[in-house]
Amino acid sequence: MLLSQPFPTTSNPAAPEPSSLLAPAIRQPPLPTNTGWLNFILKEGSAPEYIHPYLVQCKDGALSISYPSRVVDANFIYQAFVPDLTIRSNSLDGGKHVVSSFDDLSVTVEFPGGMVVPLVRGCPYITLIFDEAASLQLSTIHAVIEVSTFESSTKHKVTFNNGQTWLIYSSDAVNISSNLVVNQDFKGVVRVALLTGNEATEEVLDSFSSAYPLQGHADISCPFEIKYKWKKGGWGELLMLSLPLHRELMSYPSPDNVQTAVTYRSMDGDMHAVIGDSWTLNEIPICVGWYSTKGLTDQCCRDIIASALKNDVAALTKITTDSSYFYGKAVARAARLALIAEEISTFDDIGDILNFLVDTITPWLEGTFGANAFLYDEKWGGLTTQNGSVNSGADFGFGVYNDHHYHLGYFCYAGAVLAKLDPTWGMKYRSHLYTLVNDYMTPYHPHIQYSKHLSYMQRDPFHPRGTEVAYSKAFFPRYRNFDFWVLHSWAGGLTEFLDGRNQESTSEAVNAYYSASLLGQAFGDDQLMDTGLTLAAFEMHSARHCGMFHQIA
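So, how was this worked out
- Residues numbered from 1 in each chain as written.
- Predicted model: local features only at pLDDT ≥ 70, side-chain atom pairs only at ≥ 80, totals over all residues.
- Heavy atoms only, no water.
- Phe/Tyr/Trp six-rings, centres within 6.5 Å; stacked < 30°, edge-to-face > 60°.
- Buried < 20%, exposed > 50% of the residue type's maximum accessible area, 1.4 Å probe, protein only.
- Helix = DSSP H or I, 4+ residues; strand = E, 2+ residues; numbered from the N terminus.
- Lys NZ or Arg CZ within 6 Å of the ring centre and 35° of its normal.
- Pairing = 2+ DSSP bridges.
- Salt bridge = Lys/Arg side-chain N within 4 Å of Asp/Glu carboxyl O.

**Looking at the packing of aromatic side chains**
How two aromatic rings sit relative to each other is set out by the distance from centre to centre and by the angle between their planes.
Line of reasoning, step 1. As enumerated under the stated definition, the model contains 34 aromatic pairs in all.
Line of reasoning, step 2. Ring geometry for F76 and Y78: centres 5.8 Å apart, planes at 35°, overall tilted.
Line of reasoning, step 3. Note on Y78: relative accessible area 36%, which makes it partly exposed.
Line of reasoning, step 4. A ring pair is formed by W279 and W485, whose centres lie 6.1 Å apart and whose planes are at 35°; its orientation type is tilted. Pair noted here: W279 is in strand β23 (residues 278-282) and W485 is in the loop between β26 (482-483) and β27 (488-489), with a separation of 206 residues, a long-range link. Judged on exposure class, the residue W279 and its partner W485 are both buried.
Line of reasoning, step 5. Clustering of aromatic rings is evident, with ring pairs tying together F7, Y327, W364, F369, F374 and F411.
Line of reasoning, step 6. Over the ring of F150 we find K155, and its NZ or CZ is 5.0 Å from the ring centre.
Line of reasoning, step 7. If you follow R191 out to its NZ or CZ, it ends over the ring of Y125, 3.9 Å from the centre.

**Comments concerning the environment of S254**
Line of reasoning, step 1. With respect to the helices, strands and loops of the structure, S254 is situated in the loop between β20 (250-252) and β21 (258-264).
Line of reasoning, step 2. Residue classification places S254 among the partly exposed positions, given a relative accessible area of 31%.
Line of reasoning, step 3. As for S254 and I304, which are separated by 50 residues in sequence, their C-alpha atoms are 52 Å apart.

**Things to note about the pairing of strand β9 (residues 106-111)**
Line of reasoning, step 1. The element β9 is largely enclosed, with a buried count of 5 among its 6 residues.
Line of reasoning, step 2. Taken together, the 4 bridges between strand β8 (residues 98-102) and β9 define a ladder with antiparallel strand orientation. If you follow V99 over to β9, its bridge partner there is V109.
Line of reasoning, step 3. Between the end of β8 and the start of β9, which pair antiparallel, lie 3 residues.
Line of reasoning, step 4. Where β9 meets strand β10 (residues 115-120), 6 bridges bridge the pair, whose relative direction is antiparallel. Paired with V109 across the strands is V117, a residue of β10.
Line of reasoning, step 5. The turn joining β9 and β10, which pair antiparallel and follow one another in sequence, is formed by 3 residues; a positive phi near 95° is taken by G113.

**A look at the pattern of salt bridges**
Line of reasoning, step 1. Throughout the structure, instances matching the rule amount to 14 salt bridges.
Line of reasoning, step 2. A salt bridge links D312 to R333; its shortest N-O distance comes to 3.9 Å. Highlighted residues: D312 in helix α3 (residues 299-314) and R333 in helix α4 (residues 324-343), separated in sequence by 21 residues.
Line of reasoning, step 3. By relative accessible area, R333 is classed as partly exposed at 45%.
Line of reasoning, step 4. In this structure, D439 engages R480 in a salt bridge whose closest nitrogen and oxygen atoms are separated by 3.0 Å.

Structure follows, in structure tokens:
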């Protein structure tokens, strides 16, 4: 963990103020800016979010759940939100929800009246916790066809006129009338799940209704492996839903734990239930270094490349753009020329490229470029640019946290190459380069105060080996862009999206993590190298899978 960051600070007026929909205890930077539940804290917090397999809306002090239908057109595909079931615990419309905690795989939302809802991605049930006796109010926009009661009034089966049947489980008896009225206060746990199949589906949902996930952590301490670990309440084993890409990668639990009787559709493929309190996902290792993977043996081709390279090096001129994105691409392109020159042993060209890289990268790190600069945003906890901090549209919205891994990935690539070729320069600007990569790849949870006491010191996995670092407050949110549930990154920042986050350039996301791995190689930091390659591998797998699925859809 960085003990300090080297860039000047700013209040980043282009970005909105952190929302009062964040609980005070977690309304301190660094804050998440690209997570899959961000709609809950932007503007009024009322835009739905896709918490697989449901679209979930927090509005007017109530929680509305939708099992979305899919709208397909020649030009687009999206999921339509319909509030199939709405639940609240306050007697009147109004009031605000508050996000009280979050982690890699979940977000917990609290509602007026004492209703606490841990929204855990991939859970077939929506879980509602009432620590004190409170009113329980159910409603729907559909006509209620039937309400059946089972198990001493701890299970209800509700059928609507749209063909949906919902199962409602409760830890204590509750009486639900034929029009969904509950004439009693309730204390305990309520779980609701859409019944998507037949009696076999219902039997499985019944069997696992007593264990509920509260939080979810993704462990990537081993290369090319992600372990999901859920904290749970209740008793028994968890029943969670897996996406097709999860099942392709899953080494634990065994295939015998997959319950195909419980299947939900999603934008990312059919979800099947899996029994288990933890999963292990393993990706095929990739080994990508500085040079071409296959090498170059043909002398004729080598001569052609050398000639073209000399022309490209001669054409290197002052970079005139002040855009962090296009400037980053320009220095990354020059850095690639340096590696090509090194691979084909045209060493005369390397000196010219090296001088160009020093002259173009250093001003951004030192803040002497003039037309733009990197700054540290004290409001949200992250890097911004001088131009982006005063204009939300500048640098493609960098000041509102759009595309950080794209822009910074290019600078990391160029910085890694320059640090490799000029270790003295690299050591001088190491803290700057580590700050760039930590903006989108810090591994620490933002709201844990790590001990500075020597007895609790641990090695920072993103700090070069052989050095001992005392932990302190994180400067950046944990893995700003990468989504451990769908196994790819999000580029969209502090903007409300009715159809969720977006990422329009998977290749640049892969480049960001590949560049981080090169930075690790440049400084002899195996863990940074492994983490970068691990995220790149999962990003590529998700892109291949989602591309194939969406073509089919």
